[in-house]
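# Descriptive structure summary
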Amino acid sequence: MSKATEPNTESEGVIESVSGPVVTAVDLEAPMNDVVYVGHEGLMGEVIEIEGNVTTIQVYEETSGVSPGEPVESTGAPLSVDLGPGMLDSIYDGVQRPLDELQEKMDSAFLDRGVDAPGIDLEATWEFTPTVEVGDAVGNTDIVGTVPETESIDHKVMVPPDSLPEGETAEITAVESGRFTVEETVAELETGDEIQMRQQWPVRQARPTVDKQTPTEPLTSGQRILDGLFPLAKGGTAAIPGPFGSGKTVAQQSLAKFADADIVVYIGCGERGNEMTEVIDDFPELPDPQTGNALMARTCLIANTSNMPVAARESCVYTGITIAEFYRDMGYDVALMADSTSRWAEAMREISSRLEEMPGEEGYPAYLAARLSEFYERAGYFENINGTEGSVSVIGAVSPPGGDFSEPVTQNTLRIVKTFWALDSDLAERRHFPAINWNESYSLYRDQLDPWFVENVAENWPEQRQWAIDVLDEEAELQEIVQLVGKDALPEDQQLTLEVARFLKEAWLQQNALDDVDQDCPPWKTHQILGVIKSFHDEAFDALDAGVPVDEITGIDAVPRLNRTGTVPDDEASAFIEELETDITEQLRSLY
Amino acid sequence: MKEYKTITEISGPLVFVETDEPIGYDELVEIETPNGETRRGQVLDSSSDHVAIQTFEGTSGIDRNSSVRFLGETMKMPVTEDLLGRVLDGSGDPIDDGPEIVPEERRDIVGAAINPYAREYPEEFIQTGISAIDGMNTLVRGQKLPIFSGSGLPHNDIALQIARQATVPEESDDGDEDSEFAVIFGAMGITAEEANEFMDDFERTGALERSVVFMNLADDPAVERTVTPRLALTTAEYLAFDKGYQVLVILTDMTNYCEALREIGAAREEVPGRRGYPGYMYTDLASLYERAGRIKGLKGSVTQIPILTMPSDDITHPIPDLTGYITEGQIMVDRDLNSQGIQPPVDVLPSLSRLMDDGIGEGLTRADHGDVADQLFAAYAEGEDLRDLVNIVGREALSDRDNRFLDFADRFEETFIQQGYGTDRDIEDTLSAGWELLSMLPTEELNRVDEEFIEQYYHEDGERVEATADD
Ligand SMILES: Nc1ncnc2c1ncn2[C@@H]1O[C@H](COP(=O)(O)OP(=O)(O)OP(=O)(O)O)[C@@H](O)[C@H]1O
Ligand SMILES: [Mg+2]
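Residues numbered from 1 in each chain as written. Chains lettered and ligands numbered in written order. Predicted model: local features only at pLDDT ≥ 70, side-chain atom pairs only at ≥ 80, totals over all residues. Heavy atoms only, no water.

### Some words on the interface of chain B and chain A
Across the boundary between the two partners, chain B contributes 63 residues, which contact 64 residues of chain A. Of all residues in chain B, the largest losses of buried area upon contact with chain A belong to Tyr25, Tyr117 and Tyr325 of chain B, amounting jointly to 15% of the total for that side. For Asp385 of chain B, the salt bridge is made with Arg430 of chain A, and the minimal N-O distance between the two is 3.0 Å. Our count for the chain B to chain A interface comes out at 25 residue pairs in polar contact (both at pLDDT 80 or more). The set of elements that each furnish at least two residues to the side of chain B that touches chain A consists of strand S5 (38–47), strand S11 (119–120), helix H5 (228–242), helix H7 (281–289), helix H8 (318–324), strand S21 (346–353), helix H10 (356–359) and helix H11 (369–393) of chain B. (Contact = heavy atoms within 4.5 Å. Buried area = accessible area lost by both parts, 1.4 Å probe. Salt bridge = Lys/Arg side-chain N within 4 Å of Asp/Glu carboxyl O. Polar contact = N/O pair within 3.5 Å; in protein donor to acceptor, adjacent residues only side chain to side chain. Helix = DSSP H or I, 4+ residues; strand = E, 2+ residues; numbered from the N terminus.)

Written as structure tokens, this is what we have:
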């Protein structure tokens, strides 16, 4: 939504009061959630409360200097996003204004006020190839043609979801191939509806679908501990809570880089500017593991950093998920990362307190839980109206105050999401990364995804995973004893278990996001690395039974190579692991 | 300019006034007390017929007959390069008897946000001359790296040492005048004694020449503390992005700043967030800390070292907690190390510079830097872990290997962390101090260091040369 594309304002009111991002106006005739322009500078805002003649507005820009008495104009349209080709490879603020464009228009590195720009370029032309012919019957969201949006993604031009009465179709009366701007008509329906590449959709409303289905395919992540122990499904939901510095952002960025999604929507919600810059700098350079093209070609970035207006922080998650749904409607698997949902919740809290609403737990508004679940409900594996299937997976970072998970945002999120990746400050301080606590984390998708892993990766995937879980459980118990008496007081077999657990942690669970190779580990490699640790375990216990002391077992030449498997490039990894396995067997057997 | 004598209510730092014309949000206000004093303030809430004003200097002496003038603009900082070498109070007025400041420009102190698209990613090393920082928690230009301390700990000495020693290595190499260093010092609620220490040190070492000092003292008005860092950062942005300086901003003590926020929140009868601090404290702190950075195409940079004292040494307290959620790492000052006499008492284990990795290595510091830091960290962590166990089972019960790591941890604190506030170690010195320590361990234990570096720098049981330390 932007002023640039909505020149007509419908009603005018007058500012009555200003308090930070919240402004009240009188005599404004605008419905709830309508976009309005506030003051002489025309700052963008949204109606969030109406009481008698007084309309309350949250303003998406700084309000200092704005006075009562200044005008407010209504646009007659709810807060919406522009949907169409050009969203990929873009970076937006929380209300979908392209940041590169803003820089140019403001002629400054700093964000000025009252400047607007459309979410998608209105001048650019795109090569449209129809997939329907005159006379074909089409319904809502049916695809009428494609546009090569980026080197990776074909953009599908769809009939807007609210064009026709539900379930009805209409005949195409005209359709043309060629280069068009997003506002030019590319097809016409017998109803007189004209179809352009650009459509708009109100952000606070989910785009319609036929049906949500049970996800059965993993969203593989390139992260051993995630795929291996706590997998996420395509269409699934996950939360990553953790104290500051525990690795939420690194995890989100790793997923954005290596998850096997077609499209990634990455939302920096109330976080650091430099982190967004890192993404802006890196993503055009990095290859998409799916296609080999630049990662940016499948990515849409939304950056409303902590120092940008708080109302636009509140809206940025909606802007993001609406864009995600649009690509889902085209039949794509979309992954959305929101870093951090706590900042979104805090924006709600801030605005709610300006409205003097009755506060709920810890000052958050009573509707916090409802908003969170509405948002995560927009994730899922869907059958779309146009017959395609697509998914939106949502991964939300949570930043609990003091790292205490009992606070409202973490708790309300955990009630909704099905995957929980608990980050742990102890692990982070030990530089055990990713600092995901394997005892606390869970994935409720594990069982339903097993058939996929069995079929596509390895038949013994579930058994091998169970073995790892058992060893880690045993280790946790043993560590309690070690704390009291030291390791050397344990019997030899338990000492050996501790050693195996150490390899599991160092060679398998830990993964260095800064290493060019280790940062991405495909599922087959995840499985093979675990496999070689397990064969070390089996052979080592045979050796122990035959009377070989533990330090001789762990002292074999081959052992240090275990910790290096993650950094062996993919095309050499199988051979490396196979040779390592042979060496381990030979060396251990030679000890007895 | 219209004068109002329509004050309806005075409460804590707030004054409520009836008005008959629209007043802008955030607008600056002057209140004249009956005995002729002028107080300044800012509009917090504005509606068509009344406003709430937050006074900077407190409300004592203001009564209902005081006259109120709205200045029609938001608060500005007069900026010029001539500010270098000057000492100002917490509201930006000179207190050093120097010449009048002729501003080149007056800038809004609520800085606009840097467009994330315009930022340049920070990756240029700043040498502080402190091994615990340079070696293991490297600071880079444009970073915000706070010092988390506790009351009674020597964070001020560390801050001063950094202010004195900080250099951009290039500066010395090619004498590039464009990467001149400037220090902006923003003090909030520090004691007169601390202020004197700072000023003496600044003057004695000549650091003042390249500094601008803003002083809000403990007995200055608390509300003024919410303005001081903004004045400091506005000056910093001007020097960095208009004049090309590498600016280091030291803000101390952020805890006092947050207390002031809490006070205003309470006076406004806001719904408090955690432990009585305002619900918007994260956003407010971010509006300061995010003013660190670099901008594409511009020479200068704003680097921030905010200092805060953690109430009861509790890192989960909202002040350090919200700070840690915004900044790019933290330097932890440790009470135990301090009582052992280690100077500076920095605990590297919970410390972290998140931007370190991109700022070190070949061409930036030295090729082995990353490996050395990792290995020192791992070995010290292992030794530190064993200390707990040793208390239970005694040293004799531990293996030779374990004893070696225990020794390592002691030596690490005594020679690497310990250096004294007067010693400036360049990065070469720091890395050699690191290799001295690593050479205490057998090469098989150096699993985080590349073979090539071991060959180059490891010395077999070499003489244990002490790293430079001034005591
Ligand atoms: N997988 C990893 N590999 C290597 N280093 C990591 C990894 N994960 C995290 N780190 C380290 O931890 C630091 C902090 O991580 P990150 O920025 O993701 O924390 P965060 O949880 O997002 O913190 P905040 O809440 O403050 O944003 C990183 O700068 C990096 O040094
Ligand atoms: Mg983060």
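### Looking at the domain arrangement of chain A
Residue and element names in this part refer to chain A. Domain assignment breaks chain A into domain 1 (8–78), domain 2 (97–107 + 116–202), domain 3 (211–445) and domain 4 (461–589). The straight-line distance from the C-alpha centre of domain 3 to that of domain 4 is 32 Å. Where domain 3 abuts domain 4, roughly 1,800 Å² becomes buried across the two surfaces, and 58% of that area is made up of carbon and sulfur atoms. Taken as a group, Arg224, Leu229 and Trp438 account for 40% of the area that domain 3 buries against domain 4, more than any other trio of residues on that side. Between domain 3 and domain 4 we count one salt bridge in total. Arg224 is paired through a salt bridge with Asp518; the nearest N and O atoms lie 3.1 Å apart. (Domains from an automatic or database assignment.)

### Concerning the pairing of strand S15 (residues 185–189) of chain A
Residues and elements named next belong to chain A. The pairing of strand S13 (residues 169–175) with S15 spans three bridges and is classified as antiparallel. Residue pairing for S15: Ile172 is matched across the bridge by Leu189. Of the strand pairs in this sheet, S15 and strand S16 (residues 194–196) are connected by three bridges, and their pairing is antiparallel. Bridge pairing in S16 places Glu188 opposite Glu194. Two successive antiparallel strands, S15 and S16, enclose a turn made up of four residues, where Gly192 displays a positive phi of approximately 95 degrees. (Pairing = 2+ DSSP bridges.)

### What to know about a negative patch on the surface
Residue and element names in this part refer to chain A. A contiguous patch of negative charge, built from Asp470, Asp473, Glu474, Glu477, Glu480, Glu492, Asp493, Asp542, Asp545, Asp551 and Glu552, is present on the exposed surface. The element best represented in the negative patch is helix H11 (residues 461–485), accounting for five residues. With respect to the helices, strands and loops of the structure, Glu477 is situated in helix H11. By relative accessible area, which is 54% here, Glu477 ends up exposed. (Patch = residues over 30% accessible without salt bridge, like charges linked within 9 Å, V, L, I, M, F, W, Y side chains within 5 Å. Areas by Shrake-Rupley, 256 points an atom, 1.4 Å probe, with all protein chains shown as cover. Lys, Arg positive; Asp, Glu negative; His and termini not counted. Charge placed at Lys NZ, Arg CZ, Asp CG, Glu CD. Buried < 20%, exposed > 50% of the residue type's maximum accessible area, 1.4 Å probe, protein only.)

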